[in-house]
Amino acid sequence: MATALVRADLYRETKGSGAMRQMSIHEGRRMEPASVPQRIEALRWDDIAGALDERGWAVAGPLLTPPECEDLVATYGELARFRSRVVMERHGFGRGEYQYFDYPLPDLVAELRRALYPPLAGVANGWNAALKTDAEFPPQLDRYLARCHAAGQKRPTPLLLKYGADDFNCLHRDLYGPLVFPLQATILLSEPGRDFAGGEFLLVEQRPRAQSRAEVVPLARGEAVIFAVHHRPARGTRGVYRVAMRHGVSRIRSGNRYALGIIFHDAA
Ligand SMILES: [Fe+2]
């Protein structure tokens, strides 16, 4: 039976039991969150792929419910979940901190990573073809991770980022070894305007022999921005060329901003 999805495809109608705090009433119907694969399947992938091809980034979702965002934020204090913590100021990366999850990833994070990968591998393989590179990404995440692990990139890269007032993230690229899956996602876990002010997601692209161009990507809580890790193909008068891309976060003016980063290649 087809399941009716509403509210940006986050919820579906239910007759059975479920976690009460996850329940929602919509137009008199009892709703529960759709599964993560259902939510991701329900996205308009043609539009997302078109935006990624056109400009190297796309907004998708919301992919997470407010309680799921809250649960992930609460995870930040569960130190056993993480393999390492980075205080950005110590490395000149900006101000704020982040922690890389250890394996096994929390179910929600693992599901998001597994379900987002296949459609993005399709986009990435289109980029490989456009850039005439030999690489081809397998259709499933498990096979891609096996490739990373065989090459010595074994440490998980999904992470939680935590920013307070005056924190920021310098423009950067998330590279962790020679193997790079060219797209990644960041999901905003805090509510803009209520939990924090400022702290905009930033993308800057650097075209050959041209000045850099910046984009500010407004996100709602639970929404994802999917974007190029290090470069994307662009079409010019003399064929396809590479546009270098970096991303960061502008200064948080007040409050706290949490985000979940989903990177598909593992780290050396
Ligand atoms: Fe990053």
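Our subject is the structure that appears above.
Reading the values: rules and limits
Residues numbered from 1 in each chain as written. Predicted model: local features only at pLDDT ≥ 70, side-chain atom pairs only at ≥ 80, totals over all residues. Helix = DSSP H or I, 4+ residues; strand = E, 2+ residues; numbered from the N terminus. Contact = placed C-beta atoms within 7 Å. Pairing = 2+ DSSP bridges. Axes fitted to C-alpha atoms, helices over the stretch in contact; angles between N-to-C directions. Buried ≥ 20, exposed ≤ 12 C-beta atoms within 10 Å, placed from the backbone.

What follows concerns the environment of Tyr176. Along the polypeptide, Tyr176 turns up in the loop between β10 (168-172) and β11 (183-188). Considered as a pair, Tyr176 and Ala244 are 68 residues apart in the sequence and their alpha carbons are 17 Å apart. The residues contacting Tyr176, other than those within four sequence positions of it, are Gln153, Thr157, His265, Ala267 and Ala268.

Moving on: the sheet that holds strand β8 (residues 97-101). Strand pairing in a sheet relies on backbone hydrogen bonds. The paired strands run either parallel or antiparallel. Pairing within the open sheet is antiparallel, and its seven strands lie in the order β5-β15-β11-β19-β9-β8-β6. On the outer flanks of this sheet lie β5 (57-60) and β6 (82-87), each paired with one strand and no other. Adjacent strand axes in the sheet meet at a mean angle of 20 degrees, parallel and antiparallel pairs treated alike. Sheet topology note: the β8/strand β9 (residues 159-163) ladder contains four bridges and is antiparallel. Along β9, the bridge assignment pairs Tyr100 with Leu159. Contacts from helix α2 (residues 45-55) reach β5, β11 and β15 (224-228), with the element oriented near 150 degrees to β5.

Between Gly61 and the following residue, Pro62, the backbone shows a cis peptide bond with an omega angle of 15 degrees. By secondary structure assignment, the location of Pro62 is in the loop between β5 and α3 (66-75). Pro104 follows Tyr103 through a cis peptide bond whose omega is -5 degrees. Looking at the secondary structure, you find Pro104 in the loop between β8 and α5 (107-130). If you check the backbone angles, Asp166 has positive phi at about 75 degrees while not being a glycine. Looking at the secondary structure, you find Asp166 in the loop between β9 and β10.

This part covers the pairing of β15. Among the five residues of β15, five are classified as buried, and the element is accordingly described as predominantly covered. Alignment of β5 against β15, held across four bridges, turns out to be antiparallel. Bridged to Ala58 within β15 is Ile226. Pairing of β11 with β15, which is carried by five bridges, proceeds in the antiparallel orientation. Counted as the bridge partner of Leu183 is Ala228 from β15.

On their own, these measurements won't tell you what the molecule is for.
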